[in-house]
Amino acid sequence: MSLSPAPFDETSAPRLTRRRLLAALLALGLLPVFGPTGRSATTNAMPVRLDGWLLAPGDR
Amino acid sequence: MHIDLASYAARDPLADVCIIGSGAAGLTLATRLARRGRHVLLCEGGDQVFTERSQALYRGESVGDPYIPLDAARLRFFGGSTNHWGGMCRPLDAYDFTAKPADPRTAWPIGRDDLAPAYPAAADILEVSPIPPDTRIPGLALKRVHFSIGPATRLKDKYADEVARSPHLHYSRNTNLFGLETRDGRLTGAVVRDYTGGAYRLRARYVVLACGGIENSRLLLWCNRQSGGRVIRQPATLGRYWMDHPHATLGRALVFAPAALGLDASQSVFLAPTPAMLATRGVLNCGLRLHRMSPEDGEALATHLALIAPRLGERLRRQPPGSRCGVVLRAAWEQQPHPESRVELDDDDRDALGMPRSRLVWRKTALDHHTVRECVLTLNDYLRRRDIGRVQLEPWLADDTLQFPEDGELAGRHHMGGTRMADTPEHGIVDRDCRVFGQDNLYIGGSSVFPSSGHANPTLTLVQLAVRLADHLDARLD
């Protein structure tokens, strides 16, 4: 029996790496993104738009 | 009094203050100092009325972002650009003088409190009506702001008699600055030219350059070159950090509950980011302008929206048409101050007096796009969350790429920067008193000293600065 740890299988047990955590927080809008000058700033997500109209869910 | 330049120059008097330019800043300075008995020499490059030969000196090339022709964006005769301004006034916000989170280069060496004592006089000069305080709109990161609109005071008409009658104010028209003589950090003379080939040397204890937000840069660039760099010892920022207020139509909105934004009682409503929004959204200041459409245009907009969004259209059909309104969304916003936006000398094209014309390199940035986009999306978010309206963006703003309109309004013709105010000569051309670094008796009047612009029209602020400068010079003359 080997005492060394088993090789980590990313496909079966994804680790919560720092990169993944940041990506998840960013996708949820919980993390500030860098503004144009590199300073911390949140950014409004552009909603669904049709012919320039910014529509709400259920409008169509 | 009007003077004959040749005979005045022949007497070689030493004026207390020589002011170059008779626009909003120059006339404010000249009249206030003359009323205190100071010997003022006021030089205007144009005439009492518009003349083509004077206006032609304002022609210049624009090689940056699309801009208004330089000879159409300003006026070169007595009264300057107050002869065509619209009269909109609002003081800068207190935080406009500070280092904003999005770009700390917005900081001024002075604060709003430094200009506050000059407000009553400036408001009287421009006939500014009382401006209501800003008001918060619950749930919206934009606040409602107000302007004094009109009467677009024409300083030419307001001060023509005083200039003609004052025994202390010596007024010379068709008198164009062409050179500055300096020795050991003091101006010793100003060389001026008329249109007939005459050149004269004028002397004054203090000289103020007040020729507008493009011409101040051009004249200083030229005079500095002619002097071998002795006028501006550290010219790294000269002509740079040039700004206007970008203007654009952003789109339209159909507002189902006009009262929520004050659109039930006002034809136009102005919104601007709160200080908290400046920080959280990383934007600069922005005036979002909502203008009510005619009822017919508003209903046409509702019809279009119903075609795009049928389920919303069903609801709109049940709503009385008179209860909603269409608005045109426009914005005039604070341009990011940065050195690449600049005025240069065009050595390939000289004016009738032999001076290189202005070449404008106007450059907007990603932050400028971010600012206006965030402001309109914040309004959209408010309208959608409360289900009280929908926004339709212009294609240039709806697209995800960085772009600005290439025609239409473009800008407010508010020429600012180029000789910015700073704490040190490495970062600007004038100090907190509008005195040129390295020159004891040379000052700049006008919006070219603005380190940043806020979103408010600049005339009130530049007249406040001129009132303050008149007090400063009067004190130094004692």
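Residues numbered from 1 in each chain as written. Chains lettered and ligands numbered in written order. Predicted model: local features only at pLDDT ≥ 70, side-chain atom pairs only at ≥ 80, totals over all residues. Heavy atoms only, no water.

**A closer look at the overall build of chain A**
Consideration 1: When helices and strands are tallied, chain A shows one helix and four strands.
Consideration 2: Ordered by position from N to C terminus, the α and β elements of chain A give α-β-β-β-β.
Consideration 3: Here chain A, with 60 residues, has 18% of them falling under the buried criterion. (Helix = DSSP H or I, 4+ residues; strand = E, 2+ residues; numbered from the N terminus. Buried < 20%, exposed > 50% of the residue type's maximum accessible area, 1.4 Å probe, protein only.)

**Side note on the confidence of the model for chain A**
Residue and element names in this part refer to chain A.
Consideration 1: Looking at chain A, pLDDT values average 55 and 23% of them are 70 or higher.
Consideration 2: Under a pLDDT of 50 for its full length, residues 1-16 has, in the predicted model, seven contacts with residues more than four places off or in other chains.
Consideration 3: Low pLDDT, under 50, characterises residues 25-40; the stretch is placed with 28 contacts to residues that sit more than four places away or in other chains. (pLDDT = per-residue confidence, 0-100. Contact = heavy atoms within 4.5 Å.)

**Re the packing of helix α9 (residues 295-308) of chain B against helix α10 (residues 310-318) of chain B**
Residue and element names in this part refer to chain B.
Consideration 1: Relative orientation of the contacting elements α9 and α10 amounts to 140°, with a least axis distance of 6 Å. Judged on the interaxial angle alone, α10 and α9 are oblique. Across from A302, L305, A306, L307 and I308 in α9, the residues of α10 making contact are P310, L312, G313, L316 and R317.
Consideration 2: When grouped by side-chain class, the residues that make up the contact of α9 with α10 number eight nonpolar, one polar and one charged. (Axes fitted to C-alpha atoms, helices over the stretch in contact; angles between N-to-C directions. Parallel < 35°, antiparallel > 145°, perpendicular 65-115°, else oblique. Nonpolar A, V, L, I, M, F, W, Y, C, P; charged D, E, K, R; others polar.)

**Thoughts on the pattern of salt bridges**
Residues and elements named next belong to chain B.
Consideration 1: Counting across every chain of the model gives 48 salt bridges over all chains.
Consideration 2: In this structure, the salt-bridge partner of R59 is D71, at a minimum N-O distance of 3.9 Å. Of the two residues, R59 sits in the loop between α3 (52-55) and β3 (60-62) while D71 sits in the loop between β3 and β4 (88-89), which places them twelve residues apart along the sequence.
Consideration 3: Taking the relative accessible area as the measure of exposure, R59 reaches 38% and is therefore partly exposed.
Consideration 4: Accessibility expressed as a relative area gives 28% for D71, which makes it partly exposed.
Consideration 5: The shortest N-O distance in the salt bridge between D114 and R432 comes to 3.7 Å. In this pair, D114 is assigned in helix α4 (residues 112-115) and R432 in the loop between β21 (416-418) and β22 (442-444), connecting sequence segments 318 residues apart. (Salt bridge = Lys/Arg side-chain N within 4 Å of Asp/Glu carboxyl O.)

**A few points about the packing of aromatic side chains**
All names here are of chain B.
Consideration 1: Within the structure shown, the criterion is met by ten aromatic pairs over all chains.
Consideration 2: Ring geometry for F50 and F77: centres 6.3 Å apart, planes at 85°, overall edge-to-face. Taken together, the residues F50 in the loop between β2 (40-43) and α3 and F77 in the loop between β3 and β4 connect sequence positions 27 residues apart.
Consideration 3: The partly exposed category is assigned to F50, whose relative accessible area is 41%.
Consideration 4: Their ring planes at 55° and their centres at 5.2 Å tell us that F78 and Y171 sit as a pair that is tilted. Residue F78 is found in the loop between β3 and β4, and its partner Y171 is found in strand β8 (residues 169-172); the two are separated by 93 residues along the sequence. The same class applies to F78 as to Y171, namely buried.
Consideration 5: In textbook terms, an aromatic cluster arises when at least three aromatic residues are bridged by ring pairs, as seen for Y67, W242 and W362.
Consideration 6: The side chain of K364 reaches across the aromatic face of W362, ending 4.1 Å from its centre. (Phe/Tyr/Trp six-rings, centres within 6.5 Å; stacked < 30°, edge-to-face > 60°. Lys NZ or Arg CZ within 6 Å of the ring centre and 35° of its normal.)

**A word on the interface of chain B and chain A**
Consideration 1: Between chain B and chain A, the contact holds 33 residues from the first and 23 residues from the second.
Consideration 2: Between chain B and chain A we count one salt bridge in total.
Consideration 3: B:R390 is paired through a salt bridge with A:D59; the nearest N and O atoms lie 2.7 Å apart.
Consideration 4: Remark: the boundary between chain B and chain A carries ten residue pairs in polar contact (both at pLDDT 80 or more).
Consideration 5: For the side of chain B that touches chain A, the secondary-structure elements that each account for two or more residues are α8 (275-280), α9, α10, α11 (366-385), β19 (389-393) and α12 (395-398) of chain B.
Consideration 6: No other element matches α11(B), which puts nine residues into the side of chain B that touches chain A.
Consideration 7: Looking at the side of chain B that touches chain A, its residues break down into 18 nonpolar, eight polar and seven charged.
Consideration 8: As paired elements, strand β4 (residues 53-54) of chain A and β19(B) share two bridges and run antiparallel to each other. When the sheet's bridge partners are listed, A:W53 is paired in β19(B) with B:Q392. (Polar contact = N/O pair within 3.5 Å; in protein donor to acceptor, adjacent residues only side chain to side chain. Pairing = 2+ DSSP bridges.)

**So, the packing of helix α2 (residues 24-35) of chain B against helix α13 (residues 459-477) of chain B**
All names here are of chain B.
Consideration 1: One can describe the packing of α2 onto α13 by two numbers: an axis separation of 9 Å at closest approach and a directional angle of 35°. Two packed elements cross with a definite hand, and for α2 against α13 that hand is right-handed. Seen from α2, the contacting residues are A24, A25, T28, L29, R32 and L33; seen from α13, they are T459, L462, V463, A466, V467, L469, A470, L473 and D474.
Consideration 2: For the contact of α2 with α13, a count of residues per class yields eleven nonpolar, two polar and two charged. (Left-handed = near helix turned anticlockwise from the far one by under 90°.)

**What about the pairing of strand β11 (residues 199-209) of chain B?**
Residues and elements named next belong to chain B.
Consideration 1: Inspection of the sheet shows strand β1 (residues 14-20) paired to β11 by six bridges, in the parallel sense. Bridging from a neighbouring strand, I19 pairs with V208 of β11.
Consideration 2: Here strand β10 (residues 186-193) pairs with β11 via four bridges, running antiparallel. Looking at the pairing, V192 lines up with Y200 of β11.
Consideration 3: Between β10 and β11, which pair antiparallel one after the other, the connecting turn spans five residues, and G197 there sits at a positive phi close to 95°.
Consideration 4: Alignment of β11 against β22, held across three bridges, turns out to be parallel. Bridge pairing in β22 links L209 to I444.

**Observations concerning α2(B)**
Residue and element names in this part refer to chain B.
Consideration 1: For α2, with twelve residues, the first-to-last C-alpha span of 17 Å sits near the 16 Å given by 1.5 Å per residue.
Consideration 2: Counting buried residues along α2, eleven of its twelve residues qualify, which places the element largely inside the surrounding structure.
Consideration 3: A24, A25, G26, L27, T28, L29, A30, T31, R32, L33 and A34 are the residues of α2 that are buried.
Consideration 4: Count one or two residues on from α2 and you reach G37, which has phi positive near 85°. (Expected span 1.5 Å × (residues − 1).)

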